[in-house]
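Examination of the molecular architecture
Given next are the chains, with one letter for each unit.
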Amino acid sequence: GGKNAGFTNDMIAFAHTGNAIIVMTSADQGGALMEEIIRAVSNFYDWGLAKVKEVERKEIGQDKLKNLTGKYLYNEQVPGIGNYFIQVNIKDGQLAIHDPNDNTHYRFIYLGNMKFLDLEQNDEITFSKDKSGKYTKFNMNGQFYFDKMKE
């Protein structure tokens, strides 16, 4: 998969059968459309991809969500960007992430045990505490750490 400003794409290939699918969209938020296309092709050819995932939404208090908000720094330097920051906020009572690098927004539902799921991208993140008991990092395609310089 990949993403650039204005485009989202994904490729899935099976080396043992020679089957593959490539889906390219001309949209920053093309993930939901891609999943529908992949699911339809998979169902048609019986590939077993993109089965519908059932999750149970849990309730979380706004005070707990507030403890997660702030600016987070990716654990690696990103070519062409350097320090890669994202902003964790609350929007309409849900956890929301804004990536200012490509101006994308993600909204997450709470699954319990400090795990959250983005229903559009199927990305799951889990927040972890530091030794003092404060939530300071989460996993999403790598580690993001709370930017202590911005506290």
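Notes on the structure follow. Computed from a predicted model, the values in this text were never measured in an experiment.

1. Some points on the overall build of the protein
- Of regular secondary structure, the protein possesses two helices and 11 strands.
- Listing the helices and strands of the protein from first to last along the sequence gives β-β-β-α-α-β-β-β-β-β-β-β-β.
- When its C-alpha atoms are laid out on the principal axes, the protein stretches across 50 × 40 × 30 Å.
- Relative to its full complement of 151 residues, the protein shows a buried share of 32%.
- In the protein, once contacts between residues fewer than 6 apart in sequence are set aside, the share between residues at least 24 apart is 36%.

2. Points about the packing of aromatic side chains
- A complete count under the given rule lists 13 aromatic pairs for this structure.
- Taking 5.6 Å as the distance between ring centres and 20° as the angle between the ring planes, the aromatic pair formed by Y45 and W47 counts as stacked.
- Ring plane angle 70° and centroid distance 6.1 Å describe the contact between Y72 and F127, whose orientation is recorded as edge-to-face. With Y72 in strand β4 (residues 70–74) and F127 in strand β9 (residues 124–129), this pair connects stretches of sequence that are 55 residues apart. The same class applies to Y72 and to F127, which are both buried.
- Through a chain of ring-to-ring contacts, three or more aromatic side chains come together here, namely Y72, Y74, Y84, Y110, F116, F127, F138, F144 and F146.
- Here the guanidinium or amino end of K71 rests over the ring plane of F85, the centre of that ring lying 4.6 Å away.

Conventions adopted
Residues numbered from 1 in each chain as written. Predicted model: local features only at pLDDT ≥ 70, side-chain atom pairs only at ≥ 80, totals over all residues. Heavy atoms only, no water. Helix = DSSP H or I, 4+ residues; strand = E, 2+ residues; numbered from the N terminus. Buried < 20%, exposed > 50% of the residue type's maximum accessible area, 1.4 Å probe, protein only. Contact = heavy atoms within 4.5 Å. Phe/Tyr/Trp six-rings, centres within 6.5 Å; stacked < 30°, edge-to-face > 60°. Lys NZ or Arg CZ within 6 Å of the ring centre and 35° of its normal.

Spatial relationships are all this shows, so hold off on functional conclusions.
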